[in-house]
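Residues per chain, in single letters:
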Amino acid sequence: MMRRLRMGMIGGGPGSFIGPVHRIAAELDREIELVAGAFSSDAANSRAAGECYRIDPARAYASLEAMLAAEAAREDGIDFVTIASPNHHHLPAARAALAAGIPVMTDKPLTATLEEAHEMSCLVKAAGKPFGVTYTYSGYPLVREARARVAAGALGTLRKVVVEYRQGWLARAAEGKQAEWRVDPARAGLGGCIGDIGVHAFHLAEFITGARVNEIMPDLAAVVPGRVLDDDCTVLLRFANGARGALLASQIEVGELNGLRIRIYGDKAGLVWAQETPNTLELHYNDGRSEILHAGGGQLGPDSASRTRTPGGHPEGYLEAFANLYRDFSAQLRGEAAPLLPGIADGMRGMAFIDTAVKASRAGAGWVKLED
Ligand SMILES: NC(=O)c1ccc[n+]([C@@H]2O[C@H](COP(=O)([O-])OP(=O)(O)OC[C@H]3O[C@@H](n4cnc5c(N)ncnc54)[C@H](O)[C@@H]3O)[C@@H](O)[C@H]2O)c1
């Protein structure tokens, strides 16, 4: 019988957001089990988190280094590390794990800065181990269906892409654990909103269309008084094939929750997908017909059907999309292909987008090339 892969987590301490999501998502399909962690830089908090996750107390470590050393000495040591700590910690965590020969699944953005991302990329290539980046939205079944339909030519020639990621929770001065590091350049990195959610929108646009953005015109603002990093972003896009588009990302739009939505138009049809209603995908054709695809429906292709657990009308959502990325990663760890899992190249691409957008906006540079 296939044994469960053993996961060690960095971050995900008491009160954190994404660590518990990683735990649920990784374990959903019973291919992976959380067995160890350095959940906080504070030893007592790491122990407290270990209790909540119901792991062996001896495997809730005070630091990543302690975890890697102790787990290497066990016969049942961890198979991979998940990084769910703030952005500035992604590179040191990945560096230590890869040096110990341990595969890595890291949350986005890849690193705090593009310079760090270059180092990460070299380390990943040298290590030759599976490496995934949790761009969550690429795990939704209907996002994968949209990608497959675009690739099969359903929209015709790509003409326009509009992707929005709207939130309102940082419309006031930052309060609380999640907010506080996100507005601090020392921990968030070069980008604020653009690195936190703009990078998701950017990945989604390239993931579904399969097209590359090769020029951008960014206008990034720090709207809340005293804020150093951007919190409201407008970026015009030009794709390599001549298609145009716009990316809007904001965390100061009062009343918006997690409003990620993408609209893509070709010469034959357009499509719309929205994260807050993720189980439908709209297609609108040039001859006036419209089609609504439902998750779990029999008309969906293999990329989507293989990552759906319930029949139509029994909604799956954020946690299951996240779990799909872990299914891909688990396949890679077992030596199987899982080409839709974002990897180091997608992580680098996101960092190039953040770096170019922030620097060009600050310089008022207008249209700039987005280098690979
Ligand atoms: N994929 C997504 O949809 C998504 C969503 C939210 C956050 N994220 C990303 O996940 C990361 C964490 O975000 P969050 O919202 O969970 O933050 P958070 O502040 O809620 O949690 C961060 C956790 O990391 C721990 N930590 C900090 N330094 C550490 C260290 N040196 N060693 C071990 N643990 C340490 C903290 O104690 C805390 O428990 C960020 O990179 C963020 O961009 C991704």
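Cut-offs applied
- Residues numbered from 1 in each chain as written.
- Predicted model: local features only at pLDDT ≥ 70, side-chain atom pairs only at ≥ 80, totals over all residues.
- Helix = DSSP H or I, 4+ residues; strand = E, 2+ residues; numbered from the N terminus.
- Expected span 1.5 Å × (residues − 1).
- Buried ≥ 20, exposed ≤ 12 C-beta atoms within 10 Å, placed from the backbone.
- Arc of directions from axis to C-beta.
- Contact = placed C-beta atoms within 7 Å.
- Core = buried A, V, L, I, M, F, W, Y, C linked by C-beta atoms within 7 Å.
- Domains from an automatic or database assignment.
- Near = placed C-beta within 6 Å.
- Nonpolar A, V, L, I, M, F, W, Y, C, P; charged D, E, K, R; others polar.
- Pairing = 2+ DSSP bridges.
- Axes fitted to C-alpha atoms, helices over the stretch in contact; angles between N-to-C directions.
- Parallel < 35°, antiparallel > 145°, perpendicular 65-115°, else oblique.
- Left-handed = near helix turned anticlockwise from the far one by under 90°.

**As for helix α5 (residues 114-127)**
Between its first and last C-alpha atoms α5 spans 20 Å; for 14 residues at 1.5 Å apiece the expected length is 20 Å, and the two agree. What α5 keeps buried is the set Leu114, Glu116, Ala117, Met120 and Val124. When α5 is viewed along its axis, its buried side chains cluster within an angular range of 140° and face the same direction. Every exposed residue of α5 that faces more than 90 degrees away from the buried side is listed here: Cys122, Lys125 and Ala126. Tucked into the core, α5 has its buried residues touching α4 (90-99), β5 (131-134) and α12 (344-363). Phi for Gly128, located one or two positions after α5, is positive at around 65°.

**What about the nonpolar core?**
Counting 97 residues, the largest nonpolar core has Val104, Ile194, Ala201, Leu204, Ala205, Ile208 and Ala357 as the members making the most contacts within it. Of the residues forming this core, the biggest block, 10 residues, is contributed by helix α9 (residues 193-209). Taken domain by domain, the makeup of this core includes at least three residues from each of domain 1 (5-136) and domain 2 (141-309 + 344-363). Beyond its immediate sequence surroundings of up to four residues, Ala201 is in contact with Val163, Tyr165, Leu247, Ala249 and Leu260.

**Observations concerning the site of the ligand**
Close contacts around the ligand come from 26 residues, with Gly11, Gly13, Ser16, Phe17 and Ile18 the closest. With 3 residues, helix α7 (residues 177-182) is the single largest residue contributor to the shell around the ligand. Looking at side-chain class alone, the shell around the ligand contains 9 nonpolar, 13 polar and 4 charged residues.

**Focus: the environment of Arg263**
With respect to the secondary-structure elements, Arg263 resides in strand β10 (residues 259-266). In the structure, Arg263 is positioned 19 residues away from Glu282 in sequence and 9.5 Å away in space, judged by C-alpha atoms. Those residues within four positions of Arg263 in sequence are excluded, and the remaining contacts are Val162, Gly270 and Val272.

**Describing the sheet that holds strand β1 (residues 5-11)**
Sheet architecture is open: 5 strands sit in the order β2-β1-β3-β4-β5, paired in parallel fashion. Because the sheet does not close on itself, it has two edges, and the strands there are β2 (32-38) and β5. Neighbour-to-neighbour, the strand axes of the sheet open up by a mean angle of 25°, direction not taken into account. Pairing geometry for strand β4 (residues 104-107) and β5, over 4 bridges, is parallel. Note on β5: the bridge partner recorded for Val104 is Phe131. Strands β1, β2, β3 (80-84) and β4 of the sheet are contacted by helix α1 (residues 18-27), whose axis makes an angle of about 150° with β2.

**Focus on the domain arrangement of the protein chain**
When cut into domains, the protein chain gives domain 1 (5-136) and domain 2 (141-309 + 344-363). Relative placement of domain 1 and domain 2: their C-alpha centres are 26 Å apart. At the level of secondary structure, the elements contributing two or more residues to the side of domain 1 that touches domain 2 comprise α5 and β5. Examining the composition of the side of domain 1 that touches domain 2, we find that 4 residues originate from one element, α5, more than from any other.

**Some points on the sheet that holds strand β13 (residues 290-294)**
Two pairing modes exist for strands in a sheet, parallel and antiparallel, and in both the strands are linked by backbone hydrogen bonds. With respect to topology, 9 strands assemble into an open sheet ordered β13-β12-β11-β10-β6-β9-β8-β7-β14, the strand pairing being mixed. Unpaired on one side and paired on the other, β13 and β14 (368-369) mark the two borders of the sheet. The sheet contact formed by strand β7 (residues 213-221) and β14 spans 2 bridges and is antiparallel. Its bridge partner lying in β14, Glu215 is registered against Lys369. In the packing of helix α6 (residues 141-151) onto the sheet, the strands contacted are β10, β11 (269-274), β12 (280-285) and β13, and the crossing angle to β11 comes to about 165°. Strand contacts of α12: β7, β8 (232-239) and β14, with the helix running at about 55° to β7, the strand carrying the most contacts.

**Regarding the packing of α1 against helix α11 (residues 318-333)**
One can describe the packing of α1 onto α11 by two numbers: an axis separation of 7 Å at closest approach and a directional angle of 65°. Taken together, α1 and α11 sit at an angle that is classed as roughly perpendicular. α1 and α11 meet at a crossing whose hand is right-handed. Within the contact between the two elements, α1 uses Val21, Ile24, Ala25 and Ala26 and α11 uses Leu319, Phe322, Ala323 and Tyr326. Of the residues belonging to the contact of α1 with α11, the class tally is 8 nonpolar, no polar and no charged.

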